[in-house]
Amino acid sequence: MARLEVTEIFCGINFPGHLHTQESLHSAQYFGFQNNDIVIATYPKSGTTWMQEILTLIYSKGDDLLAKTIPNWERAPWLEQIYLRDIQRDGGGPRFLTTHLQYDILKPALKNSQAKVIYVTRNPKDVAVSFYHFHKIAKFLPDPGTFEEFLTTFLEGTVHYGSWFDHVKGWLGHKDELKLLCVSYENMKKDLRGAIKGLCKFLGCPMYPKELEDIERHCDFSTMSKSSMANYTTVPPEILDQNQGKFMRKGIVGDWKEHFTSEQTTRFDEIFKKEMQGVRHLCLEWDQE
Ligand code: PPS
């Protein structure tokens, strides 16, 4: 199923038709969560793959067999993608699920569930840069044009997957109604061990120091970027052309400084201030970088 040129519009948001249909999006909205499900919720490019890997390693107590043999999208499939039904996990442990959907879309399914949600945030300037480069290699996303053109659509919220601002405000604005832990990309970069410990506590998974060490080592950017089960090199170039750039691109904090002009920074900051008025306290931690 290629559908590389198709865009599905669902609840006013554009989604790539290569990965989504109206039916798959509708099914996600009414997904039957189980109480022990663990859901990774992210705006694209915020650290989704990193969290999928960490979660896999936490539940395998640092043993990297699963992480080395099963692709990330099978270990923690996206709820809203067409591939979900084919790759539902069976077996004893909790199901790991991933979503890029906005909270409002998943609300009907999540509101009465005890599923645990891990929400990963990242400095939206770095998200915009990472998403821009991803658009250049992902043949199922529109041509981003210049960085200036892409940034304009990012700030308007008309990019695929919708507005970053709405995504963050939607999920974090409802965190008290959910079993939700917010983790920032920046904190994971600064103190991965501490972030893993926080996750283990939230998930109720006690860990020996040696196990923590193994997880930390495996989830380091240099290790993960070489893993074909996490770096998407098994996806054909007609779909993801990694000759033009890598999925595991840089994995750093603050790359936006190499891309933004001072005018773009000012414009971004003004829109950020307006959009995030009163909600700046929500787990947005990149000021400490
Ligand atoms: S996606 O397509 O939404 O699933 O992308 P996502 O995984 O959310 O984000 C991809 C960016 O995360 C970086 N990444 C990492 N950074 C640090 N450490 C580790 N282990 C790691 N794994 C993935 C990846 O390089 C993308 O960021 P950029 O800035 O483009 O390098």
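Calculation notes
Residues numbered from 1 in each chain as written. Predicted model: local features only at pLDDT ≥ 70, side-chain atom pairs only at ≥ 80, totals over all residues. Heavy atoms only, no water. Helix = DSSP H or I, 4+ residues; strand = E, 2+ residues; numbered from the N terminus. Buried < 20%, exposed > 50% of the residue type's maximum accessible area, 1.4 Å probe, protein only. Contact = heavy atoms within 4.5 Å. Pairing = 2+ DSSP bridges. Axes fitted to C-alpha atoms, helices over the stretch in contact; angles between N-to-C directions.

Undergrad: Would you explain the environment of L84 in this entry?
TA: With respect to the secondary-structure elements, L84 resides in the loop between helix 4 (72–75) and strand 4 (96–99). Since its relative accessible area comes to 8%, L84 is described here as buried. Once the C-alpha coordinates of L84 and E5 are considered, the two residues, 79 residues apart in sequence, prove to be 21 Å apart. Among all residues touching L84, those that are not within four sequence positions of it are F31, P77, W78, L79 and L97.

Undergrad: What exactly am I supposed to notice about the sheet that holds strand 5 (residues 116–121) here?
TA: Sheet strands pair via backbone hydrogen bonds, and the direction of the pair is either parallel or antiparallel. Read across the open sheet, the four strands follow the order 4-3-5-6; overall the sheet is parallel. Every other strand in the sheet has two partners, leaving strand 4 and strand 6 (179–184) as the edge strands with one partner each. Taking the axes of each pair of neighbouring strands and ignoring which way they run, one obtains an average angle of 20° across the sheet. In terms of strand pairing, strand 5 meets strand 6 through six bridges, oriented parallel. Among the inter-strand pairings, V120 is bridged to a residue of strand 6, identified as V183. Relative to the sheet, helix 2 (residues 48–59) contacts strand 3 (38–42), strand 4, strand 5 and strand 6, its axis offset from that of strand 3 by approximately 160°. Sitting on the sheet, helix 8 (residues 164–173) is in contact with strand 3, strand 4, strand 5 and strand 6, with an inclination near 145° to strand 5.

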